Amino acid sequence: MNDMAAARPNGAPGAAAAPAIELNDLTMRFGVGTASTVLAVDRVSFSLAPGEFVSLIGPSGCGKTTILNLLTGLLAEEPEGDVRVLGKPPSAGNPDIAYMLARDSLLPWRSALGNAAFGMEVRGVPKKERERHALELLKEVGLGDFADKYPKALSHGMRQRCALARTFALDSPVLLMDEPFGALDAQTKLTLEDVLMRLWSAHRKTVVFVTHDLAEAIALSDRVVVMSARPGRMIADVPIDLPRPRSVRKLQSDHRFHEYYAHLWGLLEQGVGDE
Amino acid sequence: MNKTFRLGLGHAVFIVAFVAVWELASRAGMLDPTFFGRPSGIVAYLWNGFVVERNLWNDLFYTILAATIAFWAGSIAAVLVGLVFAMLPRVHKACEPYLTLLNAMPRIALAPLFLLWFGLGVGSKIAVAISLVFFIVLSSTVAGIKGVNSDHLVLSRALGAKPRDIFFKVTLPSAVPVIFSGLRLGLVYSLLGVVAAELLAAEHGLGQVLAYLQSTFDMNGVMALLFLLAFLGLSITVAMNWIERRLLVWQ
Ligand SMILES: Nc1ncnc2c1ncn2[C@@H]1O[C@H](COP(=O)(O)OP(=O)(O)OP(=O)(O)O)[C@@H](O)[C@H]1O
Ligand SMILES: [Mg+2]
């Protein structure tokens, strides 16, 4: 269970060789040809094996969100370099990808169930099937009893649980999460990190997780990619060699956790001074 | 329960006291009934109009009919035009100055024109009311659609929603509360438009009766009709609140 490879059921031979996500010398300039060209991402390369959980950390404005947006193919402007998601170039509405944002963005006129099913709905999953599956996931995130509640009746943490259910209900092999717990209080955050770990172990997705919280990055990830201040360059790609399954709470008392923390912090500081 | 009961009781006591003072002051000669009417006279007028002679039912019917038709026609047209504007922003931009100009016109001043065009009957009343309802509902529809939460749009797009789905499952539902408040206002203004046009010239309707009573200085009748109209407006508001609570439980 601790080992990634061992945890993968029926890992098809050869599948391990093909990365789920691949960035090759990815460079993103906004407003090319105008007076205000912004170099947002500068020659970033990394890749994720299927089922891998990688965090992206770096100062504000270093291009983390831009990288996620590039993977979804939603940006109006084209990057330089090569991006691949499951071997394919990004395309808008790619069903292989589920996206989760810092704000839960629940639709207030839909119940928790309706919200959890929303992603499946726009992807054309039949009503019966999507409601069954959405309820299943609501139960997994601990919202089984709140399926018919409207978002106004849910706490922040519950709303973000619902957003987690909506994201995982899509059954997309790739998850992109942009500071999904950034707006939560520390206590709720720890709980939801555990929920996320449980879901991830059960569903085995490839995850790119953007965060400003080093502890969160270490606790959740197989690797942490550190970026410099704008223009975002890669400073380091740090494997996190802590045994799984991890409990985010228990890690706080593990000395290796604190060593990683100090190491990553040093790298970040160096990246800020870069400019 | 206790609280609402006490509040209701308070209102009842106040109204009874108000009516009693009015009646007594009028009988004592402190309040001239030729200018203010008197409660007993007002009740008598209504009793006569609705129960004995029953002539008011007919006028009430015409006023409500015109207001209802104008409300539905005006709102449906406005919501449809609003949707077209949302889907074709260029059309919206092209039409906007003309709409603003039309909306700036004092619609009641158009009533004589409408009387000329559509005759003394119910048609001209409907036209005046529609000219009010349409713009109110149109501007709330446009505002509602523009006010859609951009997070919801980003998320829907990221989840792979098609523009059609985004419009019907995100933009439109999010606009419903704003459209609804426009409808509520539209209904009140529809009644206002009809009565105002009836005051000018009409064959039937409460406004026409009111104009007649005013010209004959029947203050009890005038007061009775004013209360009747206020009561109509109040019922509309209460009904719309009730519908809104049912329709927008998520709010
Ligand atoms: N659509 C756009 N057009 C122009 N510039 C953009 C656009 N999107 C992002 N940028 C710029 O690119 C840079 C990187 O932005 P990005 O949102 O990716 O940063 P981030 O790392 O996610 O920051 P944060 O941690 O604050 O969320 C910023 O300087 C931003 O102003
Ligand atoms: Mg960001």
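Every residue gets a number counted from 1 within its own chain, in the order that chain's sequence is written. Labels follow written order: the first chain is A, the first ligand is 1, and so on. It should be noted that, the model being predicted, local features are given only for residues of pLDDT at least 70 and side-chain atom pairs only at 80 or more, the latter also being counted only at that level, while totals for whole chains, interfaces and linings use all residues. To obtain the side-chain values, all non-hydrogen atoms of the structure were included, while hydrogens and water were left out.

Colleague: For the site of ligand 1, give the residues involved together with the corresponding values.
Modeller: All names here are of chain A. Surveying the vicinity of ligand 1 reveals the residues Phe-30, Ala-40, Ser-60, Gly-61, Cys-62, Gly-63, Lys-64, Thr-65, Thr-66, Glu-179, His-212 and Arg-230. Between an oxygen atom of ligand 1 and a side-chain N or O atom of His-212, the distance comes to 2.7 Å. When the free accessible area of ligand 1 is taken as 630 Å², the share hidden by the protein chains comes to 64%. Following the grouping adopted for this structure description, the nonpolar residues are Ala, Val, Leu, Ile, Met, Phe, Trp, Tyr, Cys and Pro, the charged ones are Asp, Glu, Lys and Arg, and the polar ones are all others, Gly among them. Considered class by class, the residues forming the shell around ligand 1 number three nonpolar, six polar and three charged. Nearness is judged by heavy atoms alone; a residue qualifies as near a molecule or strand once a single heavy atom is within 4 Å of it. Counted as a polar contact is a pair of N or O atoms within 3.5 Å, where, for protein atoms, one must be capable of donating a hydrogen and the other of accepting one, and residues adjacent in sequence contribute only when both atoms are in side chains. Surface accessibility follows the Shrake-Rupley procedure with a 1.4 Å probe radius. Residue values consider only the protein chains on display as shielding.

Colleague: Outline the packing of helix H8 (residues 150-158) of chain B against helix H9 (residues 163-200) of chain B, supporting the account with residue identities and numerical values.
Modeller: Residue and element names in this part refer to chain B. Axis angles are defined between N-to-C directions and span 0 to 180 degrees, where every axis is a line fitted to C-alpha atoms and, for a helix, only to the segment in contact. We count a stretch as a helix when DSSP gives it H or I for four or more residues in a row; a strand needs E for two or more, and each element gets its number in order from the N terminus. Between H8 and H9, the shortest axis-to-axis distance is 10 Å and the interhelical angle comes to 150°. Crossing geometry of H8 relative to H9 is assigned as right-handed. Along its contact with H8, which presents His-152, Leu-153, Ser-156 and Arg-157, the element H9 presents Ile-166, Val-170 and Thr-171. Residues that form the contact of H8 with H9 fall into these classes: three nonpolar, three polar and one charged. By definition, any crossing whose near helix is turned counterclockwise from its far helix by less than a right angle is left-handed, and any crossing with a clockwise turn is right-handed. A contact between two residues is defined here by any heavy atoms of the two lying within 4.5 Å.

Colleague: Got a sec to walk through the packing of helix H3 (residues 39-52) of chain B against helix H4 (residues 55-87) of chain B? Specific residues and values, please.
Modeller: Residue and element names in this part refer to chain B. As a packed pair, H3 and H4 sit with axes 5 Å apart at the nearest point and diverge in direction by 80°. Classified by the interaxial angle, the pair formed by H3 and H4 is roughly perpendicular. Here Tyr-45, Leu-46, Asn-48, Gly-49 and Phe-50 of H3 lie close against H4, whose contacting residues are Asn-55, Leu-56, Trp-57 and Leu-60. When grouped by side-chain class, the residues that make up the contact of H3 with H4 number six nonpolar, three polar and no charged. When describing relative orientation, an angle under 35 degrees is termed roughly parallel and one over 145 degrees roughly antiparallel, while 65 to 115 degrees is termed roughly perpendicular and anything else oblique.

Colleague: Residue-level account of the sheet that holds strand E5 (residues 97-100) of chain A, with values.
Modeller: Residues and elements named next belong to chain A. A sheet is described by the order of its strands in space; here six strands give the open sequence E5-E6-E7-E3-E8-E9, paired in mixed fashion. The two strands at the open ends of the sheet, each matched to only one other strand, are E5 and strand E9 (234-239). The mean inter-strand angle of the sheet, taken between neighbouring strand axes irrespective of direction, is 15°. DSSP calls a pair of strands paired once it identifies at least 2 bridges connecting them. Pairing of strand E6 (residues 174-178) with strand E7 (residues 206-210) involves five bridges; the strand directions are parallel. Bridge pairing in E7 links Leu-175 to Val-207. On the sheet, helix H5 (residues 156-169) packs against E5 and E6 and is oriented at approximately 170° with respect to E5.

Colleague: Can you lay out the packing of aromatic side chains for me, pointing to particular residues and giving the numbers?
Modeller: Residue and element names in this part refer to chain B. Only centres within 6.5 Å qualify two rings of Phe, Tyr or Trp (six-membered ring in Trp) as a pair; their planes then separate them into stacked at under 30 degrees, edge-to-face at over 60, and tilted for everything else. Enumeration over the complete set of coordinates arrives at 16 aromatic pairs over all chains. When the centroid spacing of 6.4 Å and the interplanar angle of 70° are considered together, the rings of Phe-35 and Phe-217 count as edge-to-face. Of this pair, Phe-35 sits in helix H2 (residues 33-36) while Phe-217 is found in the loop between helix H10 (206-215) and helix H11 (219-247), placing the two residues 182 residues apart along the sequence. Exposure categories follow from relative accessible area, calculated using a 1.4 Å probe and restricted to protein chains: below 20% of the type maximum is buried, above 50% is exposed, and the middle band is partly exposed. Since its relative accessible area comes to 52%, Phe-35 is described here as exposed. Measuring from centroid to centroid gives 5.9 Å for Phe-114 and Phe-118, while their planes differ by 45°, and the two rings are tilted. Here Phe-118 and Phe-114 lie together in helix H6 (residues 111-118), a separation of four residues that amounts to about one turn.

Colleague: Run through the interface of chain B and chain A, naming residues and quoting values.
Modeller: With 18 residues of chain B at the interface, the matching set in chain A holds 20 residues. Values labelled buried area give the accessible surface lost by two parts on being combined, using a 1.4 Å probe and summing over both. In total, about 1,900 Å² of surface goes out of reach between chain B and chain A, with carbon and sulfur atoms giving 67% of it. Of all residues in chain B, the largest losses of buried area upon contact with chain A belong to Leu-155, Leu-159 and Trp-250 of chain B, amounting jointly to 37% of the total for that side. A pair is scored as a salt bridge if a Lys or Arg side-chain nitrogen falls within 4 Å of a carboxyl oxygen belonging to Asp or Glu. Applying the counting criterion to the chain B and chain A interface returns two salt bridges. A salt bridge links Lys-169 of chain B to Glu-121 of chain A; its shortest N-O distance comes to 3.0 Å. Where the side of chain B that touches chain A is concerned, the elements lending two or more residues are H8 and H9 of chain B. Here the side of chain B that touches chain A gets seven residues from one element, more than from any other, and that element is H8 of chain B. Looking at the side of chain B that touches chain A, its residues break down into nine nonpolar, five polar and four charged.

Colleague: How would you sum up H10 of chain B? Please name residues and give values.
Modeller: One turn of an α-helix holds 3.6 residues; hence residues three or four places apart share an orientation. All names here are of chain B. Of all the positions in H10, only Leu-206, Gly-207, Val-209, Leu-210 and Leu-213 are classed as buried. Looking down the long axis of H10, one finds its buried residues gathered within 160° of arc, a one-sided arrangement. Across from the buried face of H10, at angles greater than 90 degrees, the exposed residues are Tyr-212 and Ser-215. Contact partners of the buried residues in H10: H3, H4, H9 and H11. One or two steps after H10, the chain reaches Phe-217, where phi turns positive at roughly 55°. Taken from the helix axis, the directions to the C-beta atoms give the arc we talk about.

Colleague: How would you sum up the confidence of the model for chain A? Please name residues and give values.
Modeller: As a per-residue measure, pLDDT reflects the predictor's confidence and takes values from 0 up to 100. Of all residues in chain A, 93% have pLDDT values of 70 or greater, and the mean over the chain is 88. Counting contacts from residues 1-15 of chain A, a segment whose pLDDT is below 50, to residues more than four positions away or on other chains yields 15 contacts.

Colleague: Quick rundown of the domain arrangement of chain A? Include the residues and the values.
Modeller: All names here are of chain A. These domain limits were set by an automatic method or by a database of domain assignments. By domain assignment, chain A separates into domain 1 (2-96 + 172-273) and domain 2 (106-171). Taking the mean C-alpha position of each, domain 1 and domain 2 sit 25 Å from one another. Contacts between the two partners involve 20 residues from domain 1 and, on the opposite side, 13 residues from domain 2. Between domain 1 and domain 2, the buried area comes to about 1,400 Å², and carbon and sulfur atoms account for 67% of it. Summed over the shared surface of domain 1 and domain 2, the number is one salt bridge. Lys-205 is the partner of Asp-171 in a salt bridge, and the nearest nitrogen-oxygen pair spans 3.7 Å. With 10 residues, the single largest contributor to the side of domain 1 that touches domain 2 is helix H6 (residues 186-203). Within the side of domain 1 that touches domain 2, the residues separate by chemical class into 13 nonpolar, five polar and two charged.

Colleague: Residues and numbers for the nonpolar core, please.
Modeller: Counting residues in hydrophobic clusters, the biggest one holds 98 residues, and the most contacted among them are Leu-71, Leu-138, Leu-164, Leu-196 and Leu-264 of chain A. Here this core spans two domains, since at least three of its residues come from each of domain 1 (2-96 + 172-273) and domain 2 (106-171) of chain A. What we call a nonpolar core is a set of buried Ala, Val, Leu, Ile, Met, Phe, Trp, Tyr and Cys residues that are connected through their side-chain atoms within 4.5 Å.

Colleague: How would you summarise the pattern of salt bridges if you had to cite specific residues and measurements?
Modeller: Summed over all chains, the structure comprises 23 salt bridges over all chains. Asp-42 of chain A is the partner of Arg-233 of chain A in a salt bridge, and the nearest nitrogen-oxygen pair spans 2.8 Å. Taken as a pair, Arg-233 of chain A in the loop between strand E8 (223-227) and E9 and Asp-42 of chain A in strand E2 (residues 38-48) lie far apart in primary sequence, 191 residues in all. Exposure remark for Arg-233 of chain A: the relative accessible area of 33% places this residue in the partly exposed category. Arg-27 of chain B is the partner of Glu-23 of chain B in a salt bridge, and the nearest nitrogen-oxygen pair spans 2.8 Å. Taken together, the positions of Glu-23 of chain B and Arg-27 of chain B, both in helix H1 (residues 2-27) and four residues apart, correspond to about one turn of that helix.

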